[in-house]
Amino acid sequence: SKDLLGLRDISAEEIQYILDTAKTMKYIVTSNNKKTAHLQGKSIITLFYENSTRTRLSFELASKYMGASAANISASSSSVSKGETLLDTGKTIDMMGSDIIIMRHPMSGAPHLLAKNVRSSVINAGDGMNEHPTQALLDMFTILDKKGTIKGLKVSIVGDILHSRVARSNIWGLTKLGAEVSVSGPATLIPRDIEMLGVKVYSTVQEAILDADVVIGLRIQLERQKKGLFPTIREYSRFFGIDDKRLKLAREDAVVLHPGPVNRGVELSSSVIDGEQSYINEQVTNGVAVRMALLYLLTRRGSNNEIVD
Ligand code: CP
């Protein structure tokens, strides 16, 4: 389609196609010559209403590695701070000839609204508590790279599930590719309807991690919590933090992922973050490859939205 707004909306085959394309792109990211002409003549804009290090920079580098013209605009330094609406800002960018607008916004559904009103393709770089599809794609790419398959794997997501767009996108994507997904966290941070998405819910981290092939730690999103919400950081770390002892409950060859930024010593201990089972750094590299693949695929749409070779 024209846009990538969430993994809820795309098929297992489309996800697999993106991951296969990213495999080729990873050779470019890890080579000494990160210059291709795949996006020559294309214009890519990142429009971020929330802070970001990884997502924004990896999209910018992905664009530049493939020869596109890339520019960033953030809400705080743009006319958004003067009261301009999202649609007016989007249309302004569109009229400058952009091909893809990559947007992060605190409101769920904001990229969907933008996509309906601009000619450019829109990529959702995180909308409120809804989805963060490119993060889940890079997580799936990393799992596939380490495990060779996703089908049948036991994936345990631990942390602030309620506020996590990463958890939602991973649940959509991983279950479509046949993983058995479970979530765990304090009761106040587990959405009531989460079992309807086909995941198991565990009330203790020990049960959740037991025999897991993949453990994904999530950040406690203090910025999205109402004041005084239980648990405190110290309580969270005590009951749900993953250290070496708890990680031993997972399979011996389990891999540990985290979307970042990590609160060291809260959701994961430093020894787990920096340990042999952690692929958190590799996730960052894979994020560039996956985003290169998406930019490439979205700019190769024909008039009927099919991919043009
Ligand atoms: N994982 C992630 O989205 O990180 P940033 O907020 O740094 O982009």
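Residues numbered from 1 in each chain as written. Predicted model: local features only at pLDDT ≥ 70, side-chain atom pairs only at ≥ 80, totals over all residues. Heavy atoms only, no water.

What to know about the sheet that holds strand β6 (residues 180-184)
Then comes step 1: Ordered by their spatial adjacency, 5 strands build an open sheet running β7-β6-β5-β8-β9, and the pairing between neighbours is parallel. Each end of this open sheet is capped by a strand with a single partner; those strands are β7 (200-202) and β9 (255-257). Across this sheet, the average inter-strand angle for adjacent strands is 20°, counted without regard to direction.
Then comes step 2: Sheet topology places β6 next to β7; 3 bridges connect them, and they run parallel. Across the sheet, the residue bridging to V183 is V201, located in β7. (Pairing = 2+ DSSP bridges. Helix = DSSP H or I, 4+ residues; strand = E, 2+ residues; numbered from the N terminus. Axes fitted to C-alpha atoms, helices over the stretch in contact; angles between N-to-C directions.)

Brief notes about the sheet that holds strand β2 (residues 69-74)
Then comes step 1: Pairing is parallel across the open sheet formed by 4 strands, whose spatial order is β2-β1-β3-β4. Strand pairing shows two members of the sheet lacking a second neighbour, β2 and β4 (121-127), which therefore form its edges. Along the sheet, successive strands turn relative to each other by an average axial angle of 15°, direction set aside.
Then comes step 2: Bridging between strand β1 (residues 43-48) and β2 involves 6 bridges; their strand directions are parallel. Residue pairing for β2: F48 is matched across the bridge by S74.
Then comes step 3: Strand contacts of helix α2 (residues 54-65): β1, β2, β3 (100-105) and β4, with the helix running at about 160° to β2, the strand carrying the most contacts. (Contact = heavy atoms within 4.5 Å.)

With respect to the packing of α2 against helix α11 (residues 280-298)
Then comes step 1: Two elements in contact, α2 and α11, have axes separated by 8 Å at closest approach and are oriented at 55°. In terms of axis orientation, α2 runs oblique to α11. In the crossing of α2 with α11, the sense of the turn from one axis to the other is right-handed. Residue-level contacts link R54, T55, S58, F59, A62, S63 and Y65 of α2 to V284, G287, V288, R291, M292 and L295 of α11.
Then comes step 2: Taken together, the residues of the contact of α2 with α11 sort by class into 7 nonpolar, 4 polar and 2 charged. (Parallel < 35°, antiparallel > 145°, perpendicular 65-115°, else oblique. Left-handed = near helix turned anticlockwise from the far one by under 90°. Nonpolar A, V, L, I, M, F, W, Y, C, P; charged D, E, K, R; others polar.)

Some remarks on the UniProt feature "binding site: carbamoyl phosphate" (unreviewed entry) in the protein
Then comes step 1: As annotated in UniProt, the feature "binding site: carbamoyl phosphate" (unreviewed entry) corresponds to R54, T55, R104, H132, Q135, G260 and P261 in the numbering used here.
Then comes step 2: Along the chain, the position of Q135 falls in helix α5 (residues 133-147).
Then comes step 3: Q135 has contacts with V166, P259, Q283 and R291, leaving out every residue within four places of it along the chain.
Then comes step 4: Position of G260 relative to the elements: it lies in the loop between β9 and α10 (270-273). (UniProt positions renumbered as here; feature names shortened; annotations may be inferred.)

Some details on helix α4 (residues 110-117)
Then comes step 1: Among the residues making up α4, those that are buried are A110, P111, L114 and A115. When α4 is viewed along its axis, its buried side chains cluster within an angular range of 135° and face the same direction.
Then comes step 2: Those residues of α4 that are buried lie in contact with α3 (86-95), β3 and β4. (Buried < 20%, exposed > 50% of the residue type's maximum accessible area, 1.4 Å probe, protein only. Arc of directions from axis to C-beta.)

Structural notes on the environment of D127
Then comes step 1: Relative to the helices and strands, D127 resides in strand β4.
Then comes step 2: Owing to a relative accessible area of 0%, D127 belongs among the buried residues under this scheme.
Then comes step 3: As a C-alpha pair, D127 and Y49 span 78 residues in sequence and 9.7 Å in three-dimensional space.
Then comes step 4: Among residues more than four places away in sequence, those in contact with D127 are H105, M107, S108, G109, A110, P111, H112 and R165.
Then comes step 5: Among the polar contacts listed, one links the side chain of D127 to the backbone nitrogen of G109, at a separation of 2.7 Å. (Polar contact = N/O pair within 3.5 Å; in protein donor to acceptor, adjacent residues only side chain to side chain.)

Here we look at the site of the ligand
Then comes step 1: Every residue near the ligand is listed here: S52, T53, R54, T55, R104, H132, Q135, P259 and G260.
Then comes step 2: Between an oxygen atom of the ligand and a side-chain N or O atom of S52, the distance comes to 2.6 Å.
Then comes step 3: Between R104 and the ligand, the recorded distance is 2.9 Å, taken from a side-chain N or O atom to an oxygen atom.
Then comes step 4: For the ligand, whose free accessible area comes to 250 Å², the fraction covered by protein is 90%.
Then comes step 5: Residue classes in the shell around the ligand are distributed as 1 nonpolar, 6 polar and 2 charged. (Near = heavy atom within 4 Å. Areas by Shrake-Rupley, 256 points an atom, 1.4 Å probe, with all protein chains shown as cover.)

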